[in-house]
Amino acid sequence: MEKPGRENGTLLLTLIAGFSINGSFAALFSSVVPFSVFPIIALLLAVYCLHQRYLNRAMLDGTPKLAAACFLLGLLLYSVIMRVDHPQIGSNFLPSILCVALVFWIGFKLKARKALNENAQE
């Protein structure tokens, strides 16, 4: 049986991919953010590593939902950080509330999965 902690790398890569796709979009199309090539490089590397994980390892049940939630969390988190740095863009109330809700949902699902794995091993 595969170790349950191995999916944490996939979740971290999807978080980085979400963060960097929003950063790349902002660097290319926003006048507020100065251009930088680093979000594009981070996006390419994260997507490449995710593709290699997909080809070489089977995903556990529920991992795609958690990965989508981490991707969305990365998108929203970058938006919150940009709105804190540049308040003239607008309010960050809704993205920050959604980020907190996603963090709690992801934590709840990971805790439930850990308890399920511990019960299955006994």
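Note that the structure is a prediction, hence the values are computed from the model and not measured. (Residues numbered from 1 in each chain as written. Predicted model: local features only at pLDDT ≥ 70, side-chain atom pairs only at ≥ 80, totals over all residues. Heavy atoms only, no water.)

(A) The arrangement of helix α3 (residues 63-85) in detail. The end-to-end C-alpha distance of α3 is 33 Å, a good match for the 33 Å that 23 residues give at a rise of 1.5 Å each. Inspection of α3 places Thr 63, Leu 66, Ala 67, Ala 69, Cys 70, Leu 73, Gly 74, Leu 76, Tyr 78, Ser 79, Val 80 and Met 82 among the buried residues, and these make up the whole buried set. As for α3, its buried residues are in contact with α1 (7-29) and α4 (93-121). (Helix = DSSP H or I, 4+ residues; strand = E, 2+ residues; numbered from the N terminus. Expected span 1.5 Å × (residues − 1). Buried < 20%, exposed > 50% of the residue type's maximum accessible area, 1.4 Å probe, protein only. Contact = heavy atoms within 4.5 Å.)

(B) Expanded view of the confidence of the model for the protein. Taken as a whole, the protein shows an average pLDDT of 89; of its residues, 96% reach a score of 70 or greater. Ranking the helices and strands of the protein by mean pLDDT puts helix α2 (residues 38-56) first, with 94, and α4 last, with 91. (pLDDT = per-residue confidence, 0-100.)

(C) Structural detail: the packing of α1 against α3. Look at α1 against α3: their axes get within 7 Å of each other, and the N-to-C directions meet at 35°. Handedness of the α1/α3 crossing: right-handed. In contact with Glu 7, Leu 11, Thr 14, Leu 15, Ala 17, Gly 18, Phe 19, Ile 21, Asn 22, Gly 23 and Ala 26 of α1, α3 contributes Thr 63, Leu 66, Ala 67, Cys 70, Phe 71, Leu 73, Gly 74, Leu 75, Leu 77, Tyr 78, Ser 79 and Ile 81. A breakdown of the residues in the contact of α1 with α3 according to their chemical character gives 15 nonpolar, seven polar and one charged. (Axes fitted to C-alpha atoms, helices over the stretch in contact; angles between N-to-C directions. Left-handed = near helix turned anticlockwise from the far one by under 90°. Nonpolar A, V, L, I, M, F, W, Y, C, P; charged D, E, K, R; others polar.)

(D) Main features of the UniProt feature "transmembrane region" (unreviewed entry) in the protein. In the UniProt entry, the feature "transmembrane region" (unreviewed entry) is given for residues 36-54, 66-84 and 90-108. As annotated, residues 36-54 has a helix share of 89% and a strand share of 0%, and its two end C-alpha atoms lie 29 Å apart. Segment residues 90-108 splits into 84% helix and 0% strand. End C-alpha atoms: 31 Å apart. (UniProt positions renumbered as here; feature names shortened; annotations may be inferred.)

(E) Representation of the packing of aromatic side chains. Summed over all chains, the structure comprises two aromatic pairs. A ring pair is formed by Phe 25 and Phe 29, whose centres lie 5.0 Å apart and whose planes are at 55°; its orientation type is tilted. In this pair, Phe 25 and Phe 29 are both assigned in helix α1, four residues apart and thus about one turn of the helix distant. You'll find Phe 25 and Phe 29 in the same group, each marked exposed. (Phe/Tyr/Trp six-rings, centres within 6.5 Å; stacked < 30°, edge-to-face > 60°.)

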